[in-house]
Amino acid sequence: MSRLSLKKLKKQTEFYVFLIIIALAVFIQIRSGLFFTNNNLVDLLRSMIVPSIYALCALLAFVSTGPDVSFPLIAALSSYLATDIATKMNYKGPVVFVFLIGMFFGMLMGALNGFIIVKYKFPSLIVTLGTSTIFSGILLGAFEAERMDLPESMARFGKQSLLTVVNAKSGLGSTLPMTFIILIILYVIAYLILNFTMVGRGVYALGGDEISAERAGFNVKAIRFGVFVVNGGIAAIGGLCYSIMSMRYLPTEFAGGEMIVIAAVILGGTRMTGGVGTLKGCLLGTLLLTMVSNSLILIGVAVSWQKVFIGAIIIIGTAISALQSRSGAIIKKKIKKEAA
Amino acid sequence: MMKKMKKMVALLLATIMCLSMVACSNESDTKDTSKADSESSTSSDLFDLAQYKSDKDKSEWTIAVVTKDNTANWFKRMEIGVNEFGEEQSIKVIQKGPANADAASQVQVIDDLINQGVDALCVVPIDPGAIEASLESAMKQGIVVVTHEASNQKNTLFDVEAFTSEDFGAALMDALAKEMGEKGKYGMMVAYTTSTTHMEYAEAQKARQEEAYPDMELVNGGAVPTCESEESIDTAYERAKEVLKANPDMTGFTGVASTDCPGIAKAIEELGLGGKVKVVGVGTPNEFKEYVNSGTISKIKLWDPKDSGYAMCSIAAKILAGEEVGDGSDLGVAGYESVKLIEGDNRCLIGEADIEITKDNIEDFDF
């Protein structure tokens, strides 16, 4: 039984990413002696929050349709609108309301993506590249967004903490913000929908083979449109979490975040060609890249070499999982041949 | 059909990712080609001020100021000085910034302005190397080019600085040393290792420390800088936390981009190191107020971007008018009444315009 499950594990990309993570963690621990300390682990969790939320957008888009690169700008624009409206209203109530405003605008922007992609059958990469430029123009041109302080409801939420640890040895503290709960809720919802509902299975079916999905009775257009609307909403949540965690709204810090998130998702085993990808893989890929970018100073890599390191990890990680899945496919073919 | 398209999309995406990664390495190429160009063509003429004298009336001039990031308070303050100059001299001035604070977007803004036919470009470069080619083509078209915070920019008629990087870096170190009691370990943060001025400040801080404060020590075996904030408060916070974790015995931190110190201060407060680790840095009073008042940031050293914006426009207008600009020129604004000319990679006009802000005088500066 145990041998069987190990065999199954070996076929999963996630398993290899997991191995890389363990190896890296041990390496960092040996080099710096600081990896397995309570404050470092909490810091790592904190750093993962926003990229993991964005990773959901990337995953849903890849699995169902193709790349979506618009989430950072949707996040920027929708969280700007929500923050601005809450500030102007002098809103002091529960922060949920601010999130709802943000999600409303985010879903509106996502709907624009979805509409163009579904109606005109344009490639999602081009459409989302285009819309991100538009959103960026609206944000910095039309609204002239600038750095701003958060309204009271958001600031209060940002100051609360879920968990505070103090490292007994070094006396250094670390706090896990409340936004971590949002991350957990999002992943639980995504897990339930993707695995236990028809719509969720439809998302995978659609990316695997569109025509078969349609013949199987899935409403392909509605599901695809829905994915982009949902993506807009998730991006808005990510953007608000980012603002809450930095305690300020920073309009120019969103753009450019998509590449590392997409790299993380691909690392986690999501196929760029659709139909394949797991939440587990998403989290592991994000964890790996966050670990790398947050530990280079700990292990003493010189500033100018840090980007080389990150690039190398992306390539090595993707290569290992690609080779592994290819060898899996070859074995399958062999078995088929033998059977024939 | 669908499969094929998906493959193409995948390929396209991969290409974009590759391109964005090699974007940095491209800089050196453009630098080389621009150098080769200027050597083969009439390079000496390009820097002859006389040929930039404008035939148009002063009221028809357009002076464009290009910033790193127009949304930052720093450059909003600069805009005040730029507009002040425009009103006083009745010259049309515009200030533009890239949509994202990265070198490629800034090149785009500069190229757009060249195409619009402005008479002068005053640029605060994100990465001087990346915009050499654009600035050179502007000068070839007779557009006056003035820069700020880029003492190594080659294709510029004048670079204006509030002070020499050496003096300012030394002043930062003096301020930090005083806070730290002239002993202990410290770290330094810059925005990018490609930000020339930031690196000069960093080098000058270290040089000053080695010369005057032997009991102080830069962490990581003296590597300059200790870390990069990438012009992001959140990244500054993450990196500062990492540096402080790796060096639990350090007692000082400096940051030279406006994003650095708020990030460092946030990390220090969260780690529970407030009061133990002193912070001295460059930035704007308003954004630092909370941390200066709480005591986490001890001192802000800076120059007033309002005045440097004014000074840049003033130089550009003088050149357009055919007036003499050089050692001892009066740019008409405090701190730049008699600028010093230093010729290095370019002609650098240097004022004496540094200011120090502490808890006591922070209310006097509103930007």
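About the cut-offs
Residues numbered from 1 in each chain as written. Chains lettered and ligands numbered in written order. Predicted model: local features only at pLDDT ≥ 70, side-chain atom pairs only at ≥ 80, totals over all residues. UniProt positions renumbered as here; feature names shortened; annotations may be inferred. Helix = DSSP H or I, 4+ residues; strand = E, 2+ residues; numbered from the N terminus. Rg over C-alpha atoms; globule rule 2.2 N^0.38 Å. Buried ≥ 20, exposed ≤ 12 C-beta atoms within 10 Å, placed from the backbone. Contact = placed C-beta atoms within 7 Å. Core = buried A, V, L, I, M, F, W, Y, C linked by C-beta atoms within 7 Å. Expected span 1.5 Å × (residues − 1). Domains from an automatic or database assignment. Nonpolar A, V, L, I, M, F, W, Y, C, P; charged D, E, K, R; others polar. Right-handed = clockwise from strand over helix to strand, strands pointing away. Pairing = 2+ DSSP bridges. Axes fitted to C-alpha atoms, helices over the stretch in contact; angles between N-to-C directions. Parallel < 35°, antiparallel > 145°, perpendicular 65-115°, else oblique.

Within an unreviewed UniProt entry, the label attached to chain B reads Substrate-binding domain-containing protein, and the organism entered is Aequitasia blattaphilus. As recorded by UniProt, the Sequence similarities (unreviewed entry) comment attached to chain B reads in full: "Belongs to the bacterial solute-binding protein 2 family."

Chain A carries the name ABC transporter permease in an unreviewed UniProt entry, which gives Aequitasia blattaphilus as its organism. We quote the UniProt Subcellular location (unreviewed entry) comment for chain A here in full: "Cell membrane".

On to the overall build of chain A, then. Secondary structure summary: chain A contains 14 helices and four strands in total. Relative to the compact-globule value of 20 Å for 340 residues, chain A shows a C-alpha radius of gyration of 21 Å, a close match. A burial count over chain A gives 48% of its 340 residues as buried. A fraction of 77% describes how many contacts in chain A between residues 6 or more apart in sequence connect residues 24 or more apart.

Here we take up the nonpolar core. Grouped together as the largest cluster of nonpolar side chains are 146 residues, with contacts concentrated most on Ala-58 and Val-265 of chain A together with Ile-264 of chain B. Per element, the largest residue contribution to this core is 14 residues, and it comes from helix α3 (residues 38–64) of chain A. For Ile-264 of chain B, the residues in contact, after removing those within four places along its chain, are Met-189, Ala-236, Ala-240, Phe-253, Gly-255 and Val-279 of chain B. Counting 58 residues, the second largest nonpolar core, distinct from the first, contains Val-107, Val-160, Ala-311 and Leu-349 of chain B.

Residue and element names in this part refer to chain B. Helix length check: helix α3 (residues 73–89), at 17 residues, gives a terminal C-alpha distance of 25 Å against a target of 24 Å (1.5 Å per residue), a fit within 8%. When α3 is considered as a whole, its buried residues turn out to be Trp-74, Phe-75, Arg-77, Met-78, Glu-79, Gly-81, Val-82 and Phe-85. Residues of α3 that are buried sit in contact with β1 (62–66), β2 (92–96) and α12 (305–320). Once α3 ends, the next one or two residues include Ser-90, with phi positive near 45°.

Residues and elements named next belong to chain B. Domain boundaries assigned for chain B yield domain 1 (46–162 + 305–352) and domain 2 (165–302). The C-alpha centroid of domain 2 is placed 29 Å from the C-alpha centroid of domain 1. Facing the eleven residues of domain 1 at the interface are ten residues of domain 2. The element best represented in the side of domain 1 that touches domain 2 is α3, accounting for three residues. Here the residues of the side of domain 1 that touches domain 2 are counted per class, giving five nonpolar, three polar and three charged.

Moving on, we come to the UniProt feature "domain: Periplasmic binding protein" (unreviewed entry) in chain B. Mapped onto the present numbering, the UniProt feature "domain: Periplasmic binding protein" (unreviewed entry) falls at residues 63–324 of chain B. Along residues 63–324 of chain B, the helical share is 50% and the strand share 19%, with 18 Å between the first and last C-alpha atoms.

So, on to the interface of chain B and chain A. Taken together, the contacts link 39 residues of chain B with 42 residues of chain A. When residues of the side of chain B that touches chain A are traced back to their parent elements, those giving at least two are α1 (2–40), β8 (227–228), α9 (233–246) and α10 (260–271) of chain B. At eleven residues, α1 of chain B tops the list of elements feeding residues into the side of chain B that touches chain A. Considered class by class, the residues forming the side of chain B that touches chain A number 19 nonpolar, eight polar and twelve charged.

Our next topic: the pairing of strand β11 (residues 297–303) of chain B. The side chains of a regular strand alternate between both faces of the sheet. All names here are of chain B. In terms of burial, β11 is a largely internal element, five of the seven residues being buried. After leaving strand β10 (residues 278–281), the chain enters helix α11 (residues 285–294) and then returns to the sheet as β11, a path that is right-handed. Note that β11 and strand β14 (residues 354–357) share four bridges and pair antiparallel. Bridge pairing in β14 links Trp-303 to Asp-354.

With that settled, the discussion passes to helix α11 (residues 220–246) of chain A. All names here are of chain A. Under the 1.5 Å per step criterion, the end-to-end length of α11 is 39 Å for 27 residues, consistent within 8% with the ideal 39 Å. Counting buried residues in α11 gives 22 out of 27 residues, a clear majority hidden from the surface. At the exit of α11 stands Met-247, carrying a positive phi of roughly 65°.

Next up on the list: unusual backbone geometry. Residues and elements named next belong to chain B. Going from Val-224 to Pro-225, the amide bond is cis rather than trans, its omega being -10°. Along the chain, Pro-225 turns up in the loop between α8 (219–222) and β8. Unusually for a residue other than glycine, Glu-182 sits at a positive phi of about 60°. Position of Glu-182 among the secondary structure elements: in the loop between α6 (165–180) and β6 (184–190). Judged by the 15 C-beta atoms lying within 10 Å of it, Glu-182 is partly exposed.

On to the sheet that holds strand β4 (residues 144–148) of chain B, then. Residue and element names in this part refer to chain B. Reading across from one edge, β2-β1-β3-β4-β5-β13-β12 is the order of the seven strands in this open sheet, with mixed pairing throughout. Every interior strand has two partners, whereas the edge strands, β2 and β12 (340–343), have only one. For this sheet, the mean inter-axis angle between neighbouring strands, taken without regard to orientation, is 20°. Packing against the sheet, α3 makes contact with β1 and β2, and its axis sits at approximately 165° to β2.

Helix-helix packing: each pair is described by the crossing angle between the helix axes and the interaxial distance. Residue and element names in this part refer to chain A. Two numbers describe how α3 lies on helix α9 (residues 198–208): the axes approach to 6 Å, and their chain directions differ by 50°. By the angle between their directions, the pair α3 and α9 is classed as oblique. Together, Leu-60, Val-63 and Ser-64 of α3 and Val-203, Tyr-204, Leu-206 and Gly-207 of α9 make up the contact between the two elements. Across the contact of α3 with α9, the residue classes tally to five nonpolar, two polar and no charged.

Further remarks concern the pairing of strand β3 (residues 120–123) of chain B. Here β3 of chain B shows two buried faces, one formed by Ala-120 and Cys-122 of chain B and the other by Leu-121 and Val-123 of chain B. Remark: the β3 of chain B/helix α5 (residues 128–140) of chain B/β4 of chain B crossover connection has right-handed handedness.

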